[in-house]
There are 2 protein chains.
Amino acid sequence: MSRGKQNEPGTHRAMQVVNHIRSLIENGTLQPGDKIPPEREFARTLKISRASLRTGIGYLAAMGIMKVRHGVGTFVADGPAQFGKTSLSLIGALHGFQSWQMFEARIILESNLATLAAERGKEEHHAALAEEVAEMFAALSSPSDYLIHDLAFHRIVSQASGNPILAAVIETITSALYDSRRKTVERSIDIHQSAEMHRKLYHAIRAHKSKEAHDLMEQHLQLAQAAQGLERPADRKPGEAKSESIFTKGV
Amino acid sequence: MSRGKQNEPGTHRAMQVVNHIRSLIENGTLQPGDKIPPEREFARTLKISRASLRTGIGYLAAMGIMKVRHGVGTFVADGPAQFGKTSLSLIGALHGFQSWQMFEARIILESNLATLAAERGKEEHHAALAEEVAEMFAALSSPSDYLIHDLAFHRIVSQASGNPILAAVIETITSALYDSRRKTVERSIDIHQSAEMHRKLYHAIRAHKSKEAHDLMEQHLQLAQAAQGLERPADRKPGEAKSESIFTKGV
DNA sequence: ATCCTGCTGAGGTCAGACCACTAGTATACT
DNA sequence: AGTATACTAGTGGTCTGACCTCAGCAGGAT
């Protein structure tokens, strides 16, 4: 006895919202930074309840596609692509990721990104890299300022690689890595050496020496890794290896 | 005039739920596959409304941490780690990822994963790989069966690499890649050659020949890439290059 | 001119009723 | 007996509509 179903079955409202917004993004109606209509109004437009709409938005927000600002509105994310702010941390908690693994992933990815950047980098990227290198040398005495340009440098390399997907992965890992140890800023002792490596790396990229760029990036990160004591443990050393599940719910 | 605030301020309920579950996972109370209490009951326990609880669960579900099954219950995800099923597709829509970029990312990542697997693989992995290779040869005439073992093989390599983070990334990319072109199963013509390459790759990994494993994996994937016509376009060829934004909202 | 106040609009939460799906169990038919 | 159908309990999904909280702004008091 087919009871009059008031809605199509299986078409989860939340997904309906997700797909709707997805298509708005795909056809260009919605650009990064744009604001979407107020929930009450949007819900009326889509013929669904505000609750369902919110479920869908929550889904998108969880993946970093949208940014919700209480009292202001909901916007399409505009920063660098990323897989959700806390995703790695959460997934890590579930699967027991450790920080040396995150760093290892970073080394592998960025080394290859450097290779690609050396192969494909355009003048604009070279200029931007040069700019950051200069700023780094100018900030040798200010660790916090140095950090900013260090990050910018790496981000530009990601862009220059021409592969936004790998760039997004790196972005996710880097931000998680920072989140887990924001305090441990690099020792100022290493800064000069670090700046020097970035300079060489920049030259390798500009000269399209991909192999060299790869190795330099690898060395650079391995040094940073050592500086933070995040090497891969020799092996399942039974000792009191504090295994650093790093997502040490710092709370 | 402090109006009796019925709850602490700013402690977004959703995040409260997320953190609660996160800690339950971290301290081992919640294991993959476990079921969480029914929404109504859980909400009462946490002293929040069911709506808020659902928002939090939605957040976790979006990132693949939890799996919700209508009419059955909500569970902690148990499959291989992944960054949310549709995350890449959604982020891709926003940032215009293209399929050749996804494949490129896959080649780079899996090649390095093969290197690591060759360096760190244990007997258990070797045995599992051998098993899959055997199954592949046994399924030469059945593309769909072959596919299953092909996937399994690559997944084992990921595990053998000892880096679950990179494995999760690969898992995410692979599933997105499949989602976007489920129909394009490999031509049966290539299957025998493919099986052969997997066999060689297995041998390289078992013999701990990391460089060889890396190169074999790279070759194997480049062939697969070519078979699907997903090479990187020579360059911004102005022609009607159908650029394949691949997340062709296949609807 | 500056600061405080209150309004407005937007997201956040709540409560409770009702719909929809799954799976197991009881019942009826062959 | 055996199998198929119907019922039911349990759980997630959606809706409604009221109220809370926050951010920004306009207008008035100082």
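Residues numbered from 1 in each chain as written. Chains lettered and ligands numbered in written order. Predicted model: local features only at pLDDT ≥ 70, side-chain atom pairs only at ≥ 80, totals over all residues. Heavy atoms only, no water.

Undergrad: Please set out the interface of chain B and chain A residue by residue, giving values where relevant.
TA: Taken together, the contact between chain B and chain A spans 51 residues of the former and 50 residues of the latter. Both sides of the chain B and chain A interface together cover about 4,600 Å² of buried area, and 70% of this is carbon and sulfur. The interface formed by chain B and chain A includes 2 salt bridges. In this structure, Arg120 of chain A and Glu104 of chain B form a salt bridge, with 2.3 Å as the shortest nitrogen-oxygen distance. Applying the counting criterion to the chain B and chain A interface returns 12 residue pairs in polar contact (both at pLDDT 80 or more). Sorting the residues of the side of chain B that touches chain A by element identifies α1 (13–26), α3 (50–62), α4 (87–95), α5 (99–120) and α8 (164–180) of chain B as the ones contributing at least two each. (Contact = heavy atoms within 4.5 Å. Buried area = accessible area lost by both parts, 1.4 Å probe. Salt bridge = Lys/Arg side-chain N within 4 Å of Asp/Glu carboxyl O. Polar contact = N/O pair within 3.5 Å; in protein donor to acceptor, adjacent residues only side chain to side chain. Helix = DSSP H or I, 4+ residues; strand = E, 2+ residues; numbered from the N terminus.)

Undergrad: Explain the protein's contact with DNA strand D to me, and be specific about the residues and the numbers.
TA: The local shell around DNA strand D holds 26 residues, among which Arg13, Ser49 and Ser52 of chain A together with Arg50 and Arg54 of chain B are the closest. The share of sugar and phosphate among atoms of DNA strand D within 4 Å of the protein is 68%. Contacts to DNA strand D include Arg40 of chain B, whose side-chain N or O atom sits 3.0 Å from a base oxygen. His70 of chain B is positioned such that a nitrogen or oxygen atom in its side chain is 3.3 Å from a base nitrogen of DNA strand D. If you list the elements that add at least two residues to the surface near DNA strand D, you get α3 (50–62) of chain A together with α2 (39–46), α3, β2 (66–69) and β3 (73–76) of chain B. Grouping the constituent residues of the surface near DNA strand D by class yields 6 nonpolar, 9 polar and 11 charged. (Near = heavy atom within 4 Å. Nonpolar A, V, L, I, M, F, W, Y, C, P; charged D, E, K, R; others polar.)

Undergrad: Go over the relation of the copies chain B and chain A with me, naming the residues and quoting the values.
TA: Two copies of one chain are present, and they are related through a rotation about an axis combined with an axial shift. After a rotation of 180 degrees and a shift along the axis of 0.1 Å, chain B superposes on chain A with an RMSD of 0.2 Å. Taken together, the turn and the small shift mark the pair as related by a two-fold rotation axis. An overlap of 98% is found between the interface residues of chain B and their copies at the interface of chain A, pointing to a shared contact surface. (Least-squares fit on C-alpha atoms with pLDDT ≥ 70 in both.)

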